[in-house]
Amino acid sequence: MSLWSRFATNRAAVAGLIVLIVVIIIAILAPVMFPKGPWAMVQRPFLAPFGTDGLPLGTDTLGRDVMAGLIYGARVSLLVGLVSTVMALLIGVPLGAVAGFYGGWVDEIAMRFTEFFQTIPNFALAIVLVAILEPSLTSITISIAIVSWPPVARLVRAEVMSVTRREYVDAARLAGLSNLHILTRQVLPNTVSPIIVMASLMVATAILLESSLSFLGLGDPNIMSWGYQIGAARTVIRSAWWLSFFPGVAIVLTVLALNLIGEGLNDALNPHLTRKGKS
Amino acid sequence: MKHLKMTTFLVAAMLATGAAAQQDGGRLDLIVQPEPPGLMLGLVQNGPTQMVAGQIYEGLLRYNTDLEPQPSLAKSWEIAEDGMTYTFHLNEGVTWHDGAPFSSADVVFTTKFLQDNHARFRAAFSHVESVEAPDANTVVIKMKEPYGPFINAFEAGSMPIVPAHIYEGTDYATNEMNATPIGTGPYKFVEWSKGSYIHLTKNEDYYIDGLPHIDDLYYRVVPDAASRAVAFETGEVSVLPGGAVENWDVKRLTEMDGVCSTSQGWEFFAPHAWMWLNNREGPTSDKRFRQAVMYALDREFVKDVVWNGFGTVPTGPVSSKTNFYTDDVPQYPHDPDKAKELLAEMGYDGTPVRVLPLPYGETWQRWAEAVKQNLEEVGIKVDIDSADVAGWNEKTANWDYDMAFTYLYQYGDPALGVARNYTADQIKKGSPWNNVEGYENPELDKKWAAAAIEPDNAKRQEMYTEIQQQIVEDVPVAWLLEIEFPTIYRCNVKNLITTGIGLNDGLRDAWIEQ
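None of these values were measured; they are calculated from a predicted model. (Residues numbered from 1 in each chain as written. Chains lettered and ligands numbered in written order. Predicted model: local features only at pLDDT ≥ 70, side-chain atom pairs only at ≥ 80, totals over all residues. Heavy atoms only, no water.)

Enquirer: I tried to follow the state of the cysteines on my own but got confused; where do I start?
Expert: What we call a disulfide is simply a covalent bond connecting the sulfur atoms of a pair of cysteines. Residue and element names in this part refer to chain B. Scanning the entire structure with this criterion turns up one disulfide over all chains. Disulfide pairing places Cys-260 opposite Cys-491 at an S-S distance of 1.9 Å. Negative torsions about the S-S bond denote left-handed disulfides, and the value of about 110 degrees found for Cys-260 with Cys-491 makes this one right-handed. Taken together, the residues span a long stretch of sequence, with Cys-260 in strand β12 (residues 259–262) and Cys-491 in the loop between β18 (487–490) and β19 (493–494) at a distance of 231 residues. (Disulfide = S-S within 2.5 Å. Helix = DSSP H or I, 4+ residues; strand = E, 2+ residues; numbered from the N terminus.)

Written out as structure tokens, the structure is:
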């Protein structure tokens, strides 16, 4: 069975993929759909959703279109999610691979370093980093990457350790291949599937982290994101529920979609682990 | 030859408020936000301290909501016609909370005490030659020069009378009595449970018979705005001072049954909000750019939407509630086309400007967003900076901004609260107050100085009118709003706000309908 057909047997994962693709398309088309941008004050404030033509989700505290904010917010969420995950992988994968492959004191140093980051609660560290660097899209992305890489390093290390003990690696050594060659050509390619699965879940976590930071007022003040929308709506939640409800739904859907995709990938990439009872 | 300017007797004041219907007793819970750093009003004068300690300490005078002086510790006073001598006649039979008698010696001591500890007092009393006490109930202040706004400098926050018998000869800052303040006011200090509440109780020996009415005051500390709103809704507290809840909650709370609100009680402070426009560098150093900003801003919209209709759009540097205000100045209505013209004329090249919001919560953040949108509509590129309170202080103090939100009090007179924001001698790098925008106009500096010491009020008005006209033409800062902080309270609390500083000294006359 091909990868795709194995993936497609998990209907929930396919649904997640469809949602994600829709979110991506919407994000790309945002400037076409709302050329005035998300900050334009287009109507009276606090218009309820479904009541006004052209403003399906109503307006916020300053009379801005909630729909426009939601769609521009998708761009920020996806961008932060993807970029910070890539950065986290760039830190975590090499570190974990070297630690697992060479073992010994290299492993010791790398793992103590990783643990140093792991002992500090993720979110607290992210808050501190953003506060020090001053909130901006770049600093938020970097902070999320810095708090997200340790699990990657540990996962890669474990995978590399297990793969390194296989016979074909011994064979490669006997064939006289260099360590670097063995690590990059023989070992790492065989650890890719769990990394992919983890990465898809990391994107989801990163989106949540960005939203939480913005909710606390640590977002980039020039960028409309879902977390910002909810944070700004918090004080009016009892009189204008829709301001926090719709961005909340958007976060839930996107994060759920990414989780489903992650699970689908897991099933597709590790067919031996496929649980019984699933079609 | 002395001219009796005003002698108001307490009897008249009592009659005016309808003494017959008032009921004694009860306990009143109020919010104080944030928790004050101390209660010794002579040493600490920030907002929350004034709000609580204003019940413990008193000034020589109070001011009604039209900013006319009223009796307090002084039952009457005279100002010599040439403006060079002020004579205060003190109430008799006044005692401190510890039982010691109050006299004119305390007033004379206070002028020494505050000299070291109160910047605003020091500024006002720099015009004073001498303070003398010819007898136990009279204080005579002789001036170096006439100083019109002087009569506005005697309320509890500007000149709290402190007890000489406790502080004389001690190190004021480390005196252990600072923790248990002793005043002459209508309420006595009982207990301060840090992070929770401050408890004051009725001064049974207060020198005005029948006052105060309420038995106990509890100033509650609740750090989160939403929780403060809930505490009011559940009836846990009965009074929310201005600014205690977010503006968006004001409407909801005031619409509840049995809830009253008033925007009175801030006349003395007349908080005036503006954006400092950096006059030194960048596009904001061009007068045409600054005028364009004024035309681009939709200030009415902000008042209606961000401030829920509270406040007034200002015409210039002087609040309409402050003395010597004029509206006979150049006007800046919302006119994006005019703004674009001015920008084209100066050849604005699209250099982005940074806007620094005041880090005081949602309202100010939304305000910055509205300003950004207004400016971008006329083609000015805007980046909103973000900073916490410390960062805001640092950026404004070091002039590291293009436009920065702020608001300052006016204290009833342009010489006290307005001039300081526009005269060159108030440009001080490292201070986030006063002339942060860097506006320099030597000609106007002279006029400000002359107007402050002009004894004749009609002439002062003329001079201030001229100043306002010129300064509004120059737009050193972008005036945004005369802020109104509505006080929200349960309607059974009566007579709560009777003066120009509102809750800060209003509990003397307040009573609770049972």
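Enquirer: Quick question: what am I supposed to make of the nonpolar core here?
Expert: A general feature of soluble globular proteins is that nonpolar side chains tend to end up buried together. Core analysis: the largest hydrophobic core is formed by 183 residues, its most contacted members being B:Ile141, B:Trp367 and B:Leu507. Looking at this core element by element, the count peaks at 10 residues for helix α11 (residues 242–269) of chain A. With residues up to four places along the chain from it excluded, the contact list for B:Leu507 reads B:Leu28, B:Leu30, B:Gln55, B:Tyr187, B:Pro212, B:Ile214, B:Leu217, B:Tyr219 and B:Leu496. Among the nonpolar cores identified, the runner-up in size contains 31 residues, and A:Val93, A:Phe101, A:Leu125 and A:Val163 belong to it. (Core = buried A, V, L, I, M, F, W, Y, C linked by side-chain atoms within 4.5 Å. Buried < 20%, exposed > 50% of the residue type's maximum accessible area, 1.4 Å probe, protein only. Contact = heavy atoms within 4.5 Å.)

Enquirer: For this particular structure, what's the right way to read the packing of helix α6 (residues 137–164) of chain A against helix α9 (residues 192–215) of chain A?
Expert: Working note: a packed helix pair is described by the angle between its axes plus the distance between those axes. Residues and elements named next belong to chain A. One can describe the packing of α6 onto α9 by two numbers: an axis separation of 10 Å at closest approach and a directional angle of 155 degrees. Our classification of the angle between α6 and α9 gives roughly antiparallel. The two elements α6 and α9 cross, and the hand of that crossing is right-handed. Across from Ile-140, Ile-144, Val-147, Ser-148, Pro-151, Val-152, Leu-155, Val-156 and Glu-159 in α6, the residues of α9 making contact are Pro-194, Ile-195, Met-198, Met-202, Ala-206, Leu-209, Glu-210 and Leu-213. Classifying every residue of the contact of α6 with α9 gives 14 nonpolar, one polar and two charged. (Axes fitted to C-alpha atoms, helices over the stretch in contact; angles between N-to-C directions. Parallel < 35°, antiparallel > 145°, perpendicular 65-115°, else oblique. Left-handed = near helix turned anticlockwise from the far one by under 90°. Nonpolar A, V, L, I, M, F, W, Y, C, P; charged D, E, K, R; others polar.)

Enquirer: Looking at this structure, I do not really get the packing of aromatic side chains. What am I missing?
Expert: To describe a pair of aromatic rings, you give the distance between the ring centres and the angle between the ring planes. Using the criterion set out here, one finds 51 aromatic pairs over all chains in the structure. Geometrically, the ring pair formed by A:Phe245 and A:Phe246 is edge-to-face, given 5.3 Å between the ring centres and 75 degrees between the ring planes. Members of the aromatic cluster, each reached through a chain of ring pairs, are B:Tyr63, B:Trp266, B:Phe268, B:Phe269, B:Trp307, B:Trp364, B:Trp367, B:Phe405, B:Tyr407, B:Tyr409, B:Tyr411 and B:Phe485. (Phe/Tyr/Trp six-rings, centres within 6.5 Å; stacked < 30°, edge-to-face > 60°.)

Enquirer: How should the side chain of B:Glu267 be read in this particular structure?
Expert: Residues and elements named next belong to chain B. Counting through the fold element by element, Glu-267 comes out in the loop between β12 and β13 (272–277). For Glu-267, which is buried and forms no salt bridge, the nearest opposite charge comes from Lys-321, at a distance of 7.1 Å. For Glu-267, the side chain forms a polar contact with the main-chain nitrogen of Gly-265, separated by 2.9 Å. With residues up to four places along the chain from it excluded, the contact list for Glu-267 reads Thr-65, Leu-67, Lys-321, Thr-499 and Gly-500. (Lys, Arg positive; Asp, Glu negative; His and termini not counted. Salt bridge = Lys/Arg side-chain N within 4 Å of Asp/Glu carboxyl O. Polar contact = N/O pair within 3.5 Å; in protein donor to acceptor, adjacent residues only side chain to side chain.)

Enquirer: Can you walk me through empty space enclosed by the protein in this structure?
Expert: Residue and element names in this part refer to chain A. Scanning the model with the defined rule gives six cavities of 30 Å³ or more in all. One number sums up the size of the largest cavity: a volume of about 110 Å³. What lines the largest cavity is a set of 13 residues, among which Asp-60, Arg-64, Tyr-228, Gln-229 and Leu-243 lie closest to the centre. Of all the secondary structure elements, the ones that give two or more residues to the lining of the largest cavity are α3 (66–102) and α10 (226–233). Split by residue class, the lining of the largest cavity holds seven nonpolar, three polar and three charged. Volume-wise, the second largest cavity comes out at about 80 Å³. (1 Å grid on protein atoms, 1.4 Å probe; cavity = no way out; pocket = protein on both sides within 12 Å on 5 of 7 lines; lining within 4 Å. Points joined across faces, edges and corners; volume = space filled by probe spheres on them.)

Enquirer: Would you explain the UniProt feature "transmembrane region" (unreviewed entry) in chain A in this entry?
Expert: In the numbering adopted here, UniProt assigns the feature "transmembrane region" (unreviewed entry) to residues 12–34, 76–102, 123–147, 195–219 and 240–261 of chain A. With 84% helix and 0% strand, the stretch residues 195–219 of chain A has end C-alpha atoms that lie 29 Å from each other. (UniProt positions renumbered as here; feature names shortened; annotations may be inferred.)

Enquirer: What is the right way to read the sheet that holds strand β14 (residues 353–356) of chain B from this model?
Expert: To summarise the sheet geometry, strands pair through backbone hydrogen bonds and adopt either a parallel or an antiparallel arrangement. Residues and elements named next belong to chain B. Spatial ordering of the open sheet is given by β15-β14-β16-β13-β17, a layout of five strands whose pairing is mixed. If you trace the sheet from one side to the other, it starts and ends with β15 (382–384) and β17 (477–482), each paired once. Between one strand axis and the next, the sheet turns through 25 degrees on average, direction left out of account. Looking at chain direction, β14 and β15 are connected through three bridges and run parallel. Within β15, the position partnered with Val-353 by the bridge is Val-382. In the packing of helix α8 (residues 287–296) onto the sheet, contacts are made with β13, β14, β16 (403–408) and β17, and the angle to β17 comes to roughly 25 degrees. (Pairing = 2+ DSSP bridges.)

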